[in-house]
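# Close look at the chain arrangement
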Amino acid sequence: PDTRALGMAACGGLLTGGWRMGMSEDDVEAVFIEGRELARRSGELATECLLVAVHAAVRGGAGDLQRYVDGSLEAAPLAERSGEPRVVSAAAMVLVYAHYSAGRLNEAWEFVNEFLDHPPEETRPAIEPSGLSAYAWMETVGRSIGSFMGMLDAGRVAQRRGIEIARGLGDLESLSWGCGFASYLAEFSGEVEGCLERCREGFEIAERMADPYSRAYSSGRLGVAHQVRKEWEEAIDCLNSALALARQHRPGVEAEAHWLSYLALAQLSLGRTDAAHEAVRQAVAVAQQRGTRGYEIPSRLAMARVLRQSEGTDANAEINAA
């Protein structure tokens, strides 16, 4: 049998079944183990690297952040040894997003800059058949990570130049994600104009792609866009939709604490303190359980705000701890 073809089929199976359709954990592991063995038998380093990278992303999307980071670090040297530009690009995306999701922003930002300082000559998709271009993704999502570190100009460049690049390459996934990150730039900068329209475009693209992972994220980011506009009921609807999609399909569940923290604040703004308490306690617990340190920060800040508004000075010790 053509072991290379079988190895690539396994990679496609992980990408489609694990990432987009919520394949069970046991099936994900079985496909990965068999696919990696086939890749090794055929001596296909590039195929093995893609399997490791996609497997890490699938496990990370299901909430196993340590496996996400470890897998991304394992894939990177395999990619370099393969010498194939598209494989190097795919591994770089996984490296960036794994570290971002785990709250290791300095490292994620270094990986983004390292990639963009020496962009690939080939800007077409890094992983077939997804249509995802690593270059477009780094210019949109990658640059946007700077916003979370106070570098708002990086977020503005991602919104202007990155989205233009993604649109020009026909990379709908990067375009959807890039549009959605407008909500965070608006939250951090206070520049709300155009934010809702951009996030709605990202949401509509994800809906057309029918990819549960992108749909969950775009719904959550649309919720944040409504929140910065103080449209609380609309925000709650979108955030609940994001949570339902992630929990049903599993990919995207690593951001559960993220959406719960925003949900808590939206409920709080409507005076629903019991619902706010429930959401924020879930947010902190989930973030700790999964190791999503980047999402634990807003969860703990939300906890402090909920306690301050609902209990005041009686909760001083718990507020300070949060």
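Residues numbered from 1 in each chain as written. Predicted model: local features only at pLDDT ≥ 70, side-chain atom pairs only at ≥ 80, totals over all residues. Heavy atoms only, no water.

### A few points about the layout of surface pockets
Using the following cut-off: Grid points spaced at 1 Å and placed over the protein atoms alone form the basis of the search, with a cavity being a set where a 1.4 Å probe fits but cannot get out and a pocket an open set showing protein on both sides within 12 Å along at least five of seven lines. Lining residues have an atom within 4 Å of a point. Grid points are joined across faces, edges and corners, and a volume is the space filled by probe spheres set on the points. A run of H or I in DSSP becomes a helix once it reaches four residues, and a run of E becomes a strand once it reaches two; helices and strands are each numbered from the N terminus. Residue type decides the class: Asp, Glu, Lys and Arg count as charged, Ala, Val, Leu, Ile, Met, Phe, Trp, Tyr, Cys and Pro as nonpolar, and the leftover types, Gly among them, as polar.
Estimates place the volume of the largest pocket at around 620 Å³. In terms of lining residues, the largest pocket is bounded by 26 residues, among which E187, F188, Y262, L265 and P298 are the most central. Looking at the lining of the largest pocket, the elements that each hand over two or more residues are helix 10 (182-189), helix 12 (212-228), helix 14 (256-269) and helix 16 (293-311). The leading source of residues in the lining of the largest pocket is helix 16, at 7 residues. Of the residues belonging to the lining of the largest pocket, the class tally is 16 nonpolar, 7 polar and 3 charged. Taken together, 16 residues line the second largest pocket, and the ones lying closest to its centre are E80, V88, A92, E114 and F115. Looking at the lining of the second largest pocket, the elements with two or more residues in it are helix 4 (65-82), helix 5 (85-101) and helix 6 (105-117). Top contributing element to the lining of the second largest pocket by residue count: helix 5, with 6 residues.

### Overview of the nonpolar core
Counted only if it meets this: In plain words, nonpolar cores are sets of buried Ala, Val, Leu, Ile, Met, Phe, Trp, Tyr and Cys residues tied together by side-chain atoms within 4.5 Å. Only protein chains enter the area calculation, which uses a 1.4 Å probe; residues under 20% of their type maximum are buried, those over 50% are exposed, and those in between are partly exposed. Any two residues having at least one pair of non-hydrogen atoms within 4.5 Å are treated as being in contact.
Within the largest apolar cluster, 83 residues are counted, with the highest numbers of intra-cluster contacts made by Y68, Y97, W137, M138, Y217 and W259. Top contributing element to this core by residue count: helix 5, with 10 residues. Every residue in contact with Y68, bar those within four places of it in the chain, is listed here: A56, A57, G60, V94, Y97, A98 and S101. The next biggest cluster of nonpolar side chains, apart from the first, holds 8 residues, and it includes A186, L196, L222 and C238.

### Brief notes about the confidence of the model for the protein chain
To keep it simple, the criterion reads: pLDDT measures how confident the predictor is about each residue, on a scale from 0 to 100.
Taken over all residues, the pLDDT of the protein chain has a mean of 88, while the share at 70 or more is 90%. Mean pLDDT values over the elements of the protein chain span from 61, in helix 1 (residues 3-20), up to 96, in helix 14.

### Considering helix 16
Stated precisely, the cut-off is as follows: Residue count minus one, scaled by 1.5 Å, sets the expected span of a helix.
Its 19 residues place the ends of helix 16 26 Å apart at the C-alpha level, agreeing with the 27 Å of an ideal helix rising 1.5 Å per residue. Its buried side turned inward, helix 16 meets helix 5, helix 12, helix 14, helix 15 (273-290) and helix 17 (316-321).

### Examining the pattern of salt bridges
Oppositely charged side chains may form a pair once their charged atoms are brought near each other. For clarity, the cut-off: Salt bridge, as used here, is a side-chain nitrogen of Lys or Arg placed within 4 Å of a carboxyl oxygen of Asp or Glu.
Counted by the stated rule, this structure contains 20 salt bridges. Salt-bridge contacts for E139 lead to R161; the nearest nitrogen and oxygen are separated by 2.6 Å. In this pair, E139 is assigned in helix 7 (residues 134-144) and R161 in helix 8 (residues 152-169), connecting sequence segments 22 residues apart. The exposure class assigned to E139 is buried, which follows from its relative accessible area of 3%. The partner of R293 in a salt bridge is E296, with the nearest N and O atoms 3.5 Å apart. Taken together, the residues span about one helical turn, with R293 and E296 both in helix 16 at a distance of 3 residues. It is possible to trace a salt-bridge network through shared partners that takes in E29, R59, D64 and R67.

### Comments concerning a negative patch on the surface
Under the convention used in this document: What goes into a patch is any residue over 30% in relative accessible area without a salt bridge, connected to like charges within 9 Å or, for nonpolar side chains (Val, Leu, Ile, Met, Phe, Trp, Tyr), within 5 Å. We get accessible surface area from the Shrake-Rupley algorithm with a probe of 1.4 Å; when it comes to residues, only the shown protein chains can shield them. Positive charge is attributed to Lys and Arg, negative charge to Asp and Glu, and no charge count is given to His or to the chain ends. For this purpose, a charge sits on NZ of Lys, CZ of Arg, CG of Asp or CD of Glu.
Residues E80, E110, E114 and D117 make up a contiguous surface patch of negative charge. At 3 residues, helix 6 tops the list of elements feeding residues into the negative patch. With respect to the secondary-structure elements, E80 resides in helix 4.

### Quick notes on the state of the cysteines
Operational definition: The disulfide criterion is simple: two cysteine sulfur atoms within 2.5 Å.
In total, this model carries 0 disulfides according to the counting rule given. Sulfur of C179: no disulfide; nearest cysteine sulfur belongs to C199 and is 7.8 Å away. A residue is classified by how much of its surface remains accessible, and C179, at 0% relative accessible area, is buried.

### Considering helix 12
In this model helix 12 runs 25 Å from its N-terminal to its C-terminal C-alpha over 17 residues, within 8% of the 24 Å that 1.5 Å per residue would give. Across the 17 residues that make up helix 12, a large majority, 15, are buried. Positive phi appears at K230, one or two residues downstream of helix 12, with a value of about 65 degrees.

### Here's the deal with the packing of aromatic side chains
Aromatic ring pairs are described here by two measures, namely the spacing of the ring centres and the angle between the planes. Here is the rule we go by: Here a pair means two rings of Phe, Tyr or Trp (six-membered ring of Trp) with centres within 6.5 Å. Their orientation is stacked below 30 degrees between planes, edge-to-face above 60, and tilted elsewhere.
Summed over the entire model, instances satisfying the criterion amount to 14 aromatic pairs. An angle of 45 degrees between the planes, with centres 5.3 Å apart, marks the rings of Y97 and Y100 as tilted. With a gap of 3 residues between them, Y97 and Y100 both fall in helix 5, about one helical turn apart. Each member of the pair Y97 and Y100 is classed as buried. Pairing F148 with F188 gives two aromatic rings, centres 5.1 Å apart and planes at 75 degrees, and the pair type is edge-to-face.

### Notes on the packing of helix 5 against helix 7
Packed helix pairs are specified by the crossing angle of their axes together with the interaxial distance, meaning the distance between the axes. Let me state the cut-off plainly: All axes are obtained by fitting lines to C-alpha atoms, using only the stretch in contact for helices, and the reported angles, taken between N-to-C directions, cover 0 to 180 degrees. Any angle that is under 35 degrees is reported as roughly parallel, and any over 145 degrees as roughly antiparallel; angles of 65 to 115 degrees are reported as roughly perpendicular and all others as oblique. Rotating anticlockwise by less than a right angle from the far helix to the near helix defines a left-handed crossing, while the corresponding clockwise rotation defines a right-handed one.
Contact geometry for helix 5 and helix 7: axes closest at 9 Å, N-to-C directions at 25 degrees. One way to sum up the angle between helix 5 and helix 7 is to call them roughly parallel. Note on packing geometry: the crossing formed by helix 5 with helix 7 is left-handed. Across from S89, A92, M93, V96 and Y97 in helix 5, the residues of helix 7 making contact are A134, W137, M138 and V141. A breakdown of the residues in the contact of helix 5 with helix 7 according to their chemical character gives 8 nonpolar, 1 polar and no charged.

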